[in-house]
Amino acid sequence: MTNSIKKLINRFRKLPSVGQKTAERYAFSIISMSDDEIEEFLSAVREVRENVKFCSVCGNFTDVTVCDICSKRESDIITVVAYPKDIVAIEKTHLRTSYHVLHGVLSPLEGRGPEELRIKELLERLYGDVSEVIIATNPDIEGEATAMYIAKLIKPQGIKVTRLAQGISMGSDIEYADEATLSRALETRVLL
């Protein structure tokens, strides 16, 4: 294998969730592309780097000052997410709220405190007609710490703060659930 192919494979491996085999498939796909396809691919990468920025309201990715969601949707509910990609997942559920992107979660081990996140901007958005803030960070240690920190700041303002329910996923068996997941499912149980 040539050094240039190895270099390309290593570049693809730096992408999230791309292992050796996937990186090799991507590299060989690039090699197989026509010159026109390569130019279109490179043009798309350049265009994203040059044009995509953060929405001035919510922090989502956009190529204009205010993203499509913020410009077309008014809601008294704000869903707080860690990253813009989380909005894509929530939009698939047809929940129609406003959003706020933190661009990370609290992580003392990585030196990321409240000042590095868009928490101040969130608090500034709460003045007005906001009735609820849904915190939709991941159910891991950093996501939980971030959710608790934000809830502690918002609750004194009299705004309802909710968290995504956690527990056993649809279609899974209780016998295979770990203790922490099963405990969380029992804590967040609902009335029928």
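Below is a short write-up of the structure. (Residues numbered from 1 in each chain as written. Predicted model: local features only at pLDDT ≥ 70, side-chain atom pairs only at ≥ 80, totals over all residues. Heavy atoms only, no water.)

## Examining the sheet that holds strand 5 (residues 132-135)
Which entries qualify depends on this criterion: Strand pairing follows a simple DSSP-based rule, namely that at least 2 bridges must link the two strands. Numbered from the N terminus, helices here are DSSP runs of H or I no shorter than four residues, and strands are runs of E no shorter than two. Axis definition: a line fitted to C-alpha atoms, over the contacting stretch in the case of helices. Angles run 0 to 180 degrees between N-to-C directions. By the convention used here, residues are in contact when the closest approach between their heavy atoms is within 4.5 Å.
Here we have four strands laid out as an open sheet, ordered 4-3-5-6, and parallel in their pairing. Two strands in the sheet have a free side with no partner beyond their single neighbour: strand 4 (98-101) and strand 6 (160-163). Strand after strand, the sheet turns through a mean of 25° between neighbouring axes, direction not considered. Looking at chain direction, strand 3 (residues 77-81) and strand 5 are connected through four bridges and run parallel. Note that in strand 5 the partner of Thr79 across the bridge is Ile134. Those strands touched by helix 7 (residues 141-154) are strand 3, strand 5 and strand 6, and its axis lies near 170° from that of strand 6.

## A word on the nonpolar core
This is how it is decided: Nonpolar cores were defined as sets of buried Ala, Val, Leu, Ile, Met, Phe, Trp, Tyr and Cys residues, with membership established by side-chain atoms within 4.5 Å. For every residue, the accessible area obtained with a 1.4 Å probe (protein chains only) is divided by the maximum for its type, and the residue is called buried under 20%, exposed over 50%, and partly exposed between those limits.
Val80, Leu122, Leu126, Val133, Ile135, Ile150 and Ile154 are the most contacted members of the largest nonpolar core, which totals 17 residues. Taken together, the elements giving at least two residues each to this core come down to strand 3, helix 6 (119-125), strand 5 and helix 7. Ranked by the residues each element gives to this core, the list is headed by helix 7, at four residues. Ranked by size, the runner-up nonpolar core spans eleven residues in total, among them Ile87, Tyr99, Val101 and Ala136.

## Side note on the pairing of strand 4
Selection rule: With the strands pointing away from the viewer, any crossover whose connection runs clockwise from the first strand over the helix to the second is right-handed.
Burial along strand 4 is two-sided: the residues Ser98 and His100 and Tyr99 and Val101 are all buried. Taken together, the four bridges between strand 3 and strand 4 define a ladder with parallel strand orientation. Bridging from a neighbouring strand, Val80 pairs with His100 of strand 4. The handedness of the strand 3 to strand 4 crossover, carried by helix 5 (residues 84-91), is right-handed.

## Observations concerning unusual backbone geometry
A positive phi angle, near 70°, is found at His94, a position not held by glycine. Residues other than glycine seldom take positive phi values, yet His103 does so here, at roughly 65°. Structurally, His103 is set in the loop between strand 4 and helix 6.

## Let's talk about the side chain of Glu132
Short version of the rule: Positive charges come from Lys and Arg alone, negative charges from Asp and Glu alone, with His and the N- and C-terminal ends not counted. We define a salt bridge as a side-chain nitrogen of Lys or Arg found within 4 Å of a carboxyl oxygen belonging to Asp or Glu.
When you line up the elements, Glu132 lands in strand 5. No salt bridge is formed by the buried Glu132. Its closest oppositely charged neighbour is Lys160, at 4.3 Å. With sequence-adjacent residues up to four places away left out, Glu132 is seen in contact with Asp76, Ile77, Ile78, Ile159, Lys160 and Thr162.

## Regarding a negative patch on the surface
We apply this condition: The patches reported here contain residues having more than 30% relative accessible area and no salt bridge. Joining distances are 9 Å for like charges and 5 Å for nonpolar side chains (Val, Leu, Ile, Met, Phe, Trp, Tyr). Note on areas: these come from Shrake-Rupley sampling with a 1.4 Å probe, and a residue is covered only by the protein chains present in the view. In this description, the location of a charge corresponds to atom NZ of lysine, CZ of arginine, CG of aspartate or CD of glutamate.
A surface patch of like charges, here negative, comprises Asp35, Asp36, Glu37, Glu39 and Glu40. By the secondary structure assignment, Asp36 is in helix 3 (residues 35-51). On the basis of relative accessible area, Asp36 is assigned to the exposed category, the value being 58%.

## A closer look at the packing of helix 1 (residues 3-13) against helix 2 (residues 20-32)
Under the convention used in this document: For classification, angles of less than 35 degrees are called roughly parallel, those exceeding 145 degrees roughly antiparallel, those between 65 and 115 degrees roughly perpendicular, and all remaining angles oblique. Crossings are classed by handedness, with left-handed meaning an anticlockwise turn of the near helix from the far one by less than a right angle and right-handed meaning a clockwise turn. Under this grouping Gly is polar, as are all residues other than the nonpolar Ala, Val, Leu, Ile, Met, Phe, Trp, Tyr, Cys and Pro and the charged Asp, Glu, Lys and Arg.
Look at helix 1 against helix 2: their axes get within 8 Å of each other, and the N-to-C directions meet at 125°. By the angle between their directions, the pair helix 1 and helix 2 is classed as oblique. In terms of crossing hand, the pair formed by helix 1 and helix 2 is right-handed. Here Ile5, Leu8, Ile9, Phe12 and Arg13 of helix 1 come into contact with helix 2, specifically with Gln20, Ala23, Glu24, Tyr26, Ala27, Phe28, Ile30 and Ile31. A per-class count over the contact of helix 1 with helix 2 returns ten nonpolar, one polar and two charged.

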